[in-house]
Amino acid sequence: MRQRYFQESPPPPQHRQKKPQQLDANADAVDFVKAKIHRYFGILAQRVGDLVPMAIDMYLVQRFGHDLAFRVTNATQARSDREIKELLRENSDLARRRTDVQHMLTKLTTAREVLDDFSACGTDSLFLSTDDDDETDDDETDDDETDD
């Protein structure tokens, strides 16, 4: 039996004719895969096209930064400390304007917090009353009841 196993060759592959339905299904699958691959490479090309200008911009900005640092270093080495302090001193008009804007920002931040607190409380807190007002209101309602 063992010899028979080695001597027998496998049966030749049978080439069956595919049915038209199978051909349509395979063609649809191939078209689907082609469309997916085409779309993938379209997205890939778009991303690479977007990355190239960003890489160029990054290179230019880095180059500008290094060049600027080099020029500032050279300019400061040629001057005395007094001259550098004079160059770095803030203009008095700008300093006044900066403090005014900071003060305005503080006021606006406080106003926003008050409005946030007000909106969180709802409309019931529109008319705030003190304890004295409550007592006078109670007295008035008592007087109104006695008048009837």
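The structure we're discussing is the one just above.
Residues numbered from 1 in each chain as written. Predicted model: local features only at pLDDT ≥ 70, side-chain atom pairs only at ≥ 80, totals over all residues. Heavy atoms only, no water.

**A closer look at the overall build of the protein**
The cut-off we apply is this: The helix and strand labels rest on DSSP assignments: H or I over at least four residues marks a helix, E over at least two residues marks a strand, and numbering proceeds from the N terminus. Here the term buried applies to any residue with accessible area under 20% of the maximum for its type, exposed to any over 50%, and partly exposed to those in between, with areas from a 1.4 Å probe on protein chains only. The accessible surface values rely on the Shrake-Rupley method and a 1.4 Å probe; as for residues, cover is taken only from the protein chains in view.
Within the protein one finds 5 helices and 0 strands. Walking the protein from its N terminus toward its C terminus, one meets helices and strands in the order α-α-α-α-α. For the protein, buried positions account for 1% of its 148 residues. For the protein, the computed accessible surface area is about 15000 Å², with 57% contributed by carbon and sulfur atoms.

**Some points on the pattern of salt bridges**
Note the threshold: By definition, a salt bridge exists where a carboxyl oxygen of Asp or Glu is found within 4 Å of a side-chain nitrogen of Lys or Arg.
For the structure shown, the criterion picks out 5 salt bridges. With its nearest N and O atoms 3.4 Å apart, the salt bridge here joins aspartate 67 to arginine 71. Of this pair, aspartate 67 and arginine 71 both sit in helix H2 (residues 20–77), 4 residues apart, roughly one helical turn. Residue aspartate 67 is classed as partly exposed on the basis of its relative accessible area of 34%. For arginine 71, a relative accessible area of 56% translates into the label exposed. Put simply, arginine 112 and aspartate 116 hold a salt bridge, and the shortest N to O gap is 4.0 Å. Of this pair, arginine 112 and aspartate 116 both sit in helix H4 (residues 92–121), 4 residues apart, roughly one helical turn.

**Observations concerning a nonpolar patch on the surface**
Using the following cut-off: Nonpolar side chains (Val, Leu, Ile, Met, Phe, Trp, Tyr) are joined into patches within 5 Å and like charges within 9 Å, using only residues with over 30% relative accessible area and no salt bridge.
Among the surface-exposed residues, Phe32, Val33, Ile37, Tyr40, Phe41, Leu44, Val48, Val52, Ile56, Tyr59 and Leu60 lie close enough to one another that they form a single nonpolar patch of about 1100 Å² accessible area. Mapped onto the elements, valine 33 comes out in helix H2.

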